[in-house]
Amino acid sequence: MLLTFARKQEKAVALWLKDFILTMQEFFLFSVRAFKAFPKVKRYWRDVLDQATICGTDSVPIVLVSAISIGSLLAIEVGNLLEDFGAKTMLGRSTSLSVIRELGPLLMGLMLSARFGSRNGAELGAMQISEQIDALRAFGTDPVAKLVMPRLVAALIMFLPLTALSDFAGLHSAAYMAEHYHRLDPGIFWNAVYPRLAPKDFVVGFLKAPVFAIIITLVSSFNGFSARGGTAGVGRSTIKGIVVSSGLVLIANFYVSKIVLENM
Amino acid sequence: MIELRNVSLKYGDKEILKNISLTVRDNTIKAILGPSGVGKSTILKLMLGLIKPNSGQVIIDGTDITAMKEANLYSIRRKMGMVFQGNALFDSLTISQNLGFFLRENLKLPEDEIERRVTEQIQFAGLEGYEDQLPESLSGGMRRRVAIGRALIFKPHMILFDEPTAGLDPVSSKKILSLISSLRHKNNLGAVIVTHIIDDVFNVADCVAVLYQGEIIFDDVTEKLHLSQHPFIRSILSDNILEL
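These numbers were taken from a predicted model, which means no experiment stands behind them.

A.B. asks: Sorry if this is basic, but what is going on with the overall build of chain A here?
C.D. replies: In terms of regular secondary structure, chain A is built from nine helices and zero strands. Taken from the N to the C terminus, the helices and strands of chain A come in the order α-α-α-α-α-α-α-α-α. Seen through its principal axes, chain A has C-alpha atoms that stretch 65 × 60 × 35 Å. Every one of the 264 residues in chain A was classed for burial, and the buried ones make up 42%. Across chain A, every contact between residues at least 6 apart in sequence was considered, and the portion connecting residues at least 24 apart equals 87%.

A.B. asks: Is there a simple way to explain the sheet that holds strand β1 (residues 2-11) of chain B in this structure?
C.D. replies: Two orientations exist for strands paired in a sheet by backbone hydrogen bonds: parallel and antiparallel. Taken in spatial order, the four strands line up as β2-β1-β4-β5 (chain B) in an open sheet, and their pairing is antiparallel. Since the sheet does not close on itself, it has two edges, and those belong to β2 (14-24) and β5 (63-64) of chain B, each with one partner.

A.B. asks: I keep staring at the pairing of strand β9 (residues 207-212) of chain B and nothing clicks. Help me out?
C.D. replies: Within a regular strand, the side chains alternate between the two sheet faces. Residue and element names in this part refer to chain B. Where burial is concerned, most of β9 is hidden: five out of the six residues are buried. Strand direction decides the pairing type here: strand β3 (residues 29-33) and β9, joined by four bridges, are parallel. Each residue of the ladder has a partner; that of Ile 32, found in β9, is Ala 209. Count of turn residues in the β9/strand β10 (residues 215-221) antiparallel hairpin: two residues, of which Gln 213 carries a positive phi of about 50 degrees.

A.B. asks: What is the right way to look at the interface of chain B and chain A in this model?
C.D. replies: Interface size, as often reported, equals the accessible area lost upon joining of the parts. In this assembly, 14 residues from chain B lie in contact with 10 residues from chain A. Looking at the side of chain B that touches chain A, the elements that each hand over two or more residues are α2 (70-77) and α3 (95-106) of chain B. Of the residues assigned to the side of chain B that touches chain A, the class counts are eight nonpolar, three polar and three charged.

A.B. asks: When you look at the pairing of β2(B) in this model, what are you seeing that I'm missing?
C.D. replies: Residues and elements named next belong to chain B. As judged from the seven bridges shared by β1 and β2, these two strands associate in the antiparallel manner. Residue pairing in the sheet places Ile 2 in a bridge with Val 24 of β2. Hairpin connection of β1 to β2: two residues between the antiparallel strands, including Gly 12 at a positive phi of 65 degrees.

A.B. asks: Would you take a moment to explain the nonpolar core for this structure?
C.D. replies: It is characteristic of soluble globular proteins that their nonpolar side chains tend to be buried jointly. Counting residues in each nonpolar core, the largest one holds 128 residues, and the members touching the most others are B:Ile159, B:Leu160, B:Ala191 and B:Val192. It is helix α6 (residues 143-180) of chain A that contributes the most residues to this core, 18 residues altogether. Once you skip the residues sitting within four places of it in the chain, B:Leu160 turns out to touch B:Leu44, B:Met47, B:Met80, B:Met82, B:Val83 and B:Val192.

A.B. asks: When you look at unusual backbone geometry in this model, what are you seeing that I'm missing?
C.D. replies: Backbone phi values are negative for most residues with the exception of glycine, while trans is the configuration of most peptide bonds. Non-glycine residue B:Asp61 carries a positive phi angle of around 45 degrees. Looking at where B:Asp61 falls in the secondary structure, it is placed in the loop between β4 (55-60) and β5.

A.B. asks: Can you walk me through α3(B) in this structure?
C.D. replies: Owing to its 3.6 residues per turn, the α-helix aligns residues three or four sequence positions apart on the same side. Those residues of α3(B) that sit buried are B:Ile95, B:Ser96, B:Asn98, B:Leu99, B:Gly100, B:Phe101, B:Phe102 and B:Leu103. Summarising the contacts, the buried residues of α3(B) are in contact with α4 (111-124) and α5 (140-152) of chain B.

A.B. asks: Sorry, what's going on with helix α9 (residues 230-263) of chain A here?
C.D. replies: Residues and elements named next belong to chain A. For α9, spanning 34 residues, the distance from its first C-alpha to its last is 48 Å, which sits close to the expected 50 Å at 1.5 Å a residue. Within the span of α9, buried status applies to Val 234, Ser 237, Thr 238, Gly 241, Ile 242, Ser 245, Val 249, Ala 252, Asn 253 and Val 256. Buried residues along α9 sit against α4 (91-129) and α8 (199-225).

A.B. asks: Hey, could you run me through the confidence of the model for chain B in this one?
C.D. replies: Reading fine detail from the predicted coordinates is not recommended where pLDDT is low. Of all residues in chain B, 98% attain a pLDDT of 70 or more, and the chain-wide mean is 89. Predicted as a complex, the structure gets a pTM of 0.86 and an ipTM equal to 0.85.

A.B. asks: When you look at the packing of helix α2 (residues 45-55) of chain A against α6(A) in this model, what are you seeing that I'm missing?
C.D. replies: A pair of packed helices is captured by two measures, namely the crossing angle of their axes and the spacing between those axes. All names here are of chain A. Two elements in contact, α2 and α6, have axes separated by 8 Å at closest approach and are oriented at 50 degrees. For the element pair α2 / α6, the angle class is oblique. Of the two elements, α2 crosses α6, and the hand of that crossing is right-handed. Contact residues: α2 offers Asp 47, Val 48, Gln 51, Ala 52 and Cys 55, while α6 offers Lys 146, Pro 150, Arg 151, Val 153, Ala 154, Ala 155, Ile 157 and Met 158. Here the residues of the contact of α2 with α6 are counted per class, giving nine nonpolar, one polar and three charged.

A.B. asks: Quick question: what am I supposed to make of the sheet that holds strand β6 (residues 80-83) of chain B here?
C.D. replies: Residues and elements named next belong to chain B. Taken in spatial order, the six strands of this open sheet run β6-β7-β8-β3-β9-β10, and their pairing is mixed. One side of each edge strand has no neighbouring strand; the edge strands of this open sheet are β6 and β10. In this sheet, neighbouring strand axes are inclined to one another by 15 degrees on average, regardless of whether the strands run parallel or antiparallel. The sheet contact formed by β6 and strand β7 (residues 158-162) spans four bridges and is parallel.

Criteria and thresholds
- Residues numbered from 1 in each chain as written.
- Chains lettered and ligands numbered in written order.
- Predicted model: local features only at pLDDT ≥ 70, side-chain atom pairs only at ≥ 80, totals over all residues.
- Helix = DSSP H or I, 4+ residues; strand = E, 2+ residues; numbered from the N terminus.
- Buried ≥ 20, exposed ≤ 12 C-beta atoms within 10 Å, placed from the backbone.
- Contact = placed C-beta atoms within 7 Å.
- Pairing = 2+ DSSP bridges.
- Nonpolar A, V, L, I, M, F, W, Y, C, P; charged D, E, K, R; others polar.
- Core = buried A, V, L, I, M, F, W, Y, C linked by C-beta atoms within 7 Å.
- Expected span 1.5 Å × (residues − 1).
- pLDDT = per-residue confidence, 0-100.
- Axes fitted to C-alpha atoms, helices over the stretch in contact; angles between N-to-C directions.
- Parallel < 35°, antiparallel > 145°, perpendicular 65-115°, else oblique.
- Left-handed = near helix turned anticlockwise from the far one by under 90°.

Structure (structure tokens):
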């Protein structure tokens, strides 16, 4: 009986592994097709603009809220800690490094994974279920060029200014809290920020924007294209897209920081 | 002309099509009849190259598309129009935009030519006055007519219909069937109709292929269906079942 159970488990693992490898292969080919469609960007510029509005302009409020929230909290908590060591004047430096290198881009990535990624997954999933994607193919239009490439281009363009906005809002909310909560002179705060920031700090932060744009757009769109099994299938593919892209954003955040900081 | 030669297809361990061969000649209406879930719609997708068979060949106007790359298939697909079971209209676009969508996408036609073709299809489908409506505001029969109009807009040689009357009331079904019949007479078009409704076959099809358990058990002119001795066909005809 134990042997039968073990064999069943072995078979299940083998099937899962085969399925995983096939999915990875499909995802790789899907990503290649999306990048190969870049020369068609001129033809689909209206779609790029639409997607830029969705992932850029419309995402400003959520990016601002998360950046202001994390900047304020960071200033309060780090300020309390530095006060114990009599190093409150270092608040500007510690907050700016955290916001610009890590928390600004990371929070923006997670928020956009939830907002832009879920929209992609649900919209493309619904199109897949209702055979609209098959209709595109049947009538001679490449669905990846029409639906995925504009999303990817828009995300690559818009994630950079959103990262800058996230950094800006995070830093200014931290400065506001430093002045009004910790009674720290703004001159001292900003003097600890700008002269001490090195180019590598900006490279780390801003390099994450295109990496996150690629991860979020391709993972959510691939899951939308893979939706099967009616409306429940759309729900499943959307959730899968958000969970996988958020996880990959966290992993990529660590590795981009590690690689850039070790090599610059 | 569309030819399927010794085509087999599997989904996982399930064998959907077993070595089937099928020919659809130009300017004829061929029905593919079979119970639901037997793989009829899959045959249409094979004809368009939307899916690839595990073995066998799919030949369109003498060109083997079986191993053709996606990018090369687009020009072949434009020779055929497809009417999907759920219509597959773009729900965020108006009826006119739906009809003109693929012309704007794929052909570099002047805008007035696109407008002319859209108006032609609106009139053909009897949808004057609904040009600026979204698909969701139309009835099932009207949406199906828009889908037929969209399939015709490229002026294809052949139209593929996936369950054209499924889910429609008897009046709408009759209108759709007469629209399909008129396509051949007015536009000189051929058609493949996938259906599980026997009445549709006798109403419009010149010839019929019956798909049963992944195999073609009958493939001849519609009138000869009554002469078949296959137990499945005998049972559906003698029991006078209207839908499989």
